[in-house]
There are 10 protein chains.
Amino acid sequence: MLFLARMDVTFPESMDRAARAEYQKREKEYSAEQQRTGVMRGIWRIVGEYANYSMFDVESAEQLHDVLSGFPMFPYMSVKVTPLAQHPNATKSDFFG
Amino acid sequence: MLFLARMDVTFPESMDRAARAEYQKREKEYSAEQQRTGVMRGIWRIVGEYANYSMFDVESAEQLHDVLSGFPMFPYMSVKVTPLAQHPNATKSDFFG
Amino acid sequence: MLFLARMDVTFPESMDRAARAEYQKREKEYSAEQQRTGVMRGIWRIVGEYANYSMFDVESAEQLHDVLSGFPMFPYMSVKVTPLAQHPNATKSDFFG
Amino acid sequence: MLFLARMDVTFPESMDRAARAEYQKREKEYSAEQQRTGVMRGIWRIVGEYANYSMFDVESAEQLHDVLSGFPMFPYMSVKVTPLAQHPNATKSDFFG
Amino acid sequence: MLFLARMDVTFPESMDRAARAEYQKREKEYSAEQQRTGVMRGIWRIVGEYANYSMFDVESAEQLHDVLSGFPMFPYMSVKVTPLAQHPNATKSDFFG
Amino acid sequence: MLFLARMDVTFPESMDRAARAEYQKREKEYSAEQQRTGVMRGIWRIVGEYANYSMFDVESAEQLHDVLSGFPMFPYMSVKVTPLAQHPNATKSDFFG
Amino acid sequence: MLFLARMDVTFPESMDRAARAEYQKREKEYSAEQQRTGVMRGIWRIVGEYANYSMFDVESAEQLHDVLSGFPMFPYMSVKVTPLAQHPNATKSDFFG
Amino acid sequence: MLFLARMDVTFPESMDRAARAEYQKREKEYSAEQQRTGVMRGIWRIVGEYANYSMFDVESAEQLHDVLSGFPMFPYMSVKVTPLAQHPNATKSDFFG
Amino acid sequence: MLFLARMDVTFPESMDRAARAEYQKREKEYSAEQQRTGVMRGIWRIVGEYANYSMFDVESAEQLHDVLSGFPMFPYMSVKVTPLAQHPNATKSDFFG
Amino acid sequence: MLFLARMDVTFPESMDRAARAEYQKREKEYSAEQQRTGVMRGIWRIVGEYANYSMFDVESAEQLHDVLSGFPMFPYMSVKVTPLAQHPNATKSDFFG
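Residues numbered from 1 in each chain as written. Chains lettered and ligands numbered in written order. Predicted model: local features only at pLDDT ≥ 70, side-chain atom pairs only at ≥ 80, totals over all residues. Heavy atoms only, no water.

Naming follows an unreviewed UniProt entry, where chain A appears as Muconolactone Delta-isomerase of Brevibacterium salitolerans. For chain A, the Catalytic activity (unreviewed entry) comment in UniProt is given as "(S)-muconolactone = (4,5-dihydro-5-oxofuran-2-yl)-acetate". UniProt's Pathway (unreviewed entry) comment on chain A is quoted here verbatim: "Aromatic compound metabolism; beta-ketoadipate pathway; 5-oxo-4,5-dihydro-2-furylacetate from catechol: step 3/3." (UniProt positions renumbered as here; feature names shortened; annotations may be inferred.)

Below you can see the structure in the form of structure tokens.
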């Protein structure tokens, strides 16, 4: 079951460079793990913004919330989730490789 | 180069059922052709809405406008385009199969 | 899996009283059927508006779109869907009887 | 009388982890008490957000404001309340068990 | 129990002058009746707009929806309802005469 | 001349409990004085929000700004003012006692 | 007492050229009369839009609504009114000649 | 050439009373100078808000930006500029004395 | 003096194909003339939308409104104008050839 | 390939004058370099705002994100990007000199 998420990141002004870098490192690891297990089917940078669109493939909305709230940078994210379904004009049931 | 598009369709009240069906048939064919050539990398229904998110892979913004404005139902669509780039946390350069 | 939907209905100006009544009758039957099968766990009127909030319990986002687009008045509805998950402060896993 | 509330929580940057945990513990107790007395008929997490939708059953708007402003985390919440009424298509007068 | 309502009226282009006048006459009678029974505690024109703010005093949200949807011009209104409560700085429990 | 005002209060994070209480005490006194003189015809809490709707009866917009900017908590308020006029369907020229 | 109004005009699609011209002629006369009596202190075109900003000097909000609703094109206008007061930095009590 | 500007002021929480007063004093002087030279044709307080509408008469957009960014409080302002033109219904080419 | 304009076109449902084509032909001629005289310094399609961004170089806001309202399709356009000034980081006073 | 960007800058309250000046100096150098290489085809101040519209000519959305995120002040910018295409009414393929 696919959900599109838009995630916007805003670090508090008081967080120093080292703390940001540490968050980004942990975020990258977590993100890689979600991609490895097939939960995160894709992630793309929105040009010009500290934000991304990501595609998640989960068993339930429950699981999606667990995955999203597990992101190390989750407390600094604004996330908007859109549930998706098979489109009648789609020629494949799965567009991801 | 990837662009995410959100397309919302609104048919005018005066269009009858047969005309709608004809548009939908031509739309499906056009959409299939775009998928066949790899320009449209994916299309998903937004749950509960007469709308979709689609992913386009094009050589230029020029080409993207040509593809979008070529949709038979383009005159009845509201389209919002978001340019995407490789995300630093992506583990693949191409998420589509 | 629960989804909250807000549905706003706008009939076109040209639709006469009888056609509206017929739509409403079919809508009521369809809605009752969704409640009988447990797919629609609740529906409430938004005070002062021709709109409702409804709670759906489905196996998948796919199923949810099928249910929503099956409403007789779907062509005249604007629907916004919010995916829900178990809240950590909830004292029950299911609030519906 | 039912009211749907959407509550979004934003803790100030300066609040430390311990203070947040203490707030969350007190919030959970307060929430459980509201559920026990039947005032809060349900609470659901909005997927991907530090926010919930809750359903309240109260005697008056007065009582609702007292309940909402009594939440320990109320000073850090943005709350939007929607009054609800019986829907003509509802097959039950009470959807909660 | 007080609710503030903002009502905006939009007549369809096709409705002729006589039909509008007839609606306005019936609206005035209905409104007067609601004021007579004390359900509508006040109604004020919003300067420069075909809209009003009204104050309703009802036993329940149920009753409020019945009153609002009973307005002859209800099909042409957009209504937004805000539930109110006693304010701690109020020096009276009832501001209306 | 009546004006409806919506006032939303946001205290800065750095203001301590005692300062807030002091502000609220002074606000209550000022508000009572405005009610005593008939300038503030009513004030109601918006359910679930640190906000109110208030009705002001003034000689001029000038006077209204003086009254509003005189509120002790004015620097922490966002205020939106709506000018009102007699409604053709009103059965009284003054709804306040 | 000054009020700034923004007026946006939208003629219905069905209104023909002659009817529009007739409305514009009557509007011009009415507008001139309001300027002659000093009620309308100024009117300016918003560049690129079928809209204006106007300044009204009236005795009361009541009078303002009468003036605004008296515009021949009022049924086709969307009007937003902002009450103004003397600014502490103003070097004149009246900027209009 | 006339431009309408809406300016909203927000001082940072950390700025103390004396600093604010100093800014306001310098702002008043600068504003008076702009009025004296005829660049600022008018300034009005928006009732209930720390904001104003101002009318500027300049030779060019260039000059307008210089004037606006020269305000001592410019770093704490949000400014929105609307270019104006002669209105066909205006009975004078200049409404300011 | 440069102004950026965003123009969105919406033809009424009732306008037939031939009328649209005629409007587009006249629009093209008018647009070419504005480019020839140097008033329109550039025009670009917004990808996926029946809309453009255009850059105008005019002597006055007056002239800009005349140019914009002279577009054959002006009655079907929504136009938003933004006044521009020389940017301190610009390395040229004129970016257009 | 052209993209229009709107960039709004907000420095944190805590950043002192010297740090701001240093950022602005580096920004100017970076901006000049982008103009020298032809990537930035133009940059204009939005009158009255600490914001600009800029035109970028890039090989790919990838390159655009690299250029934008390379701005020294990028962490303090909000950027919105609009992809552009050749307009059918354009009389030149390149409006920049």
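**Student:** Give me the lowdown on the sheet that holds strand 2 (residues 40-46) of chain D, citing residues and values where you can.
**Tutor:** The strand order 1(C)-3(C)-2(C)-4(D)-1(D)-3(D)-2(D)-4(C) describes a closed barrel built from eight strands, whose pairing is antiparallel. Strand after strand, the sheet turns through a mean of 35° between neighbouring axes, direction not considered. Note: strand 2 (residues 40-46) of chain C against strand 3 (residues 51-57) of chain C, five bridges, orientation antiparallel. Looking at strand 3 of chain C, one finds that C:I43 is bridged to C:S54. (Pairing = 2+ DSSP bridges. Helix = DSSP H or I, 4+ residues; strand = E, 2+ residues; numbered from the N terminus. Axes fitted to C-alpha atoms, helices over the stretch in contact; angles between N-to-C directions.)

**Student:** So, the relation of the copies chain G and chain E: which residues are in play, and what are the values?
**Tutor:** Its rotation angle being 72°, the transformation that places chain G on chain E also includes 0.0 Å of axial translation and leaves an RMSD of 0.0 Å. Overall, the copies show the geometry of a five-fold rotation axis. Both copies present different contact surfaces, since only 9% of the interface residues of chain G are interface residues in chain E too. (Least-squares fit on C-alpha atoms with pLDDT ≥ 70 in both. Contact = heavy atoms within 4.5 Å.)

**Student:** Talk me through the sheet that holds strand 2 (residues 40-46) of chain E; I want residue IDs and the actual numbers.
**Tutor:** Strand order in the closed barrel formed by eight strands is 1(E)-3(E)-2(E)-4(F)-1(F)-3(F)-2(F)-4(E), with antiparallel pairing between adjacent strands. Across this sheet, the average inter-strand angle for adjacent strands is 35°, counted without regard to direction. Those strands touched by helix 2 (residues 61-69) of chain D are strand 4 (77-86) of chain E together with strand 2 (40-46) of chain F, and its axis lies near 70° from that of strand 4 of chain E. The strands touched by helix 1 (residues 17-36) of chain E within the sheet are strand 2 and strand 4 of chain E, with strand 2 of chain E carrying the most contacts at an inclination of about 140°.

**Student:** Lay out the arrangement of the chains with the relevant residues and their values.
**Tutor:** Structurally, chain E and chain H remain out of contact, their C-alpha atoms never closer than 15 Å. Spatially, chain A is disjoint from chain I: no contact exists, and the shortest C-alpha separation is 15 Å.

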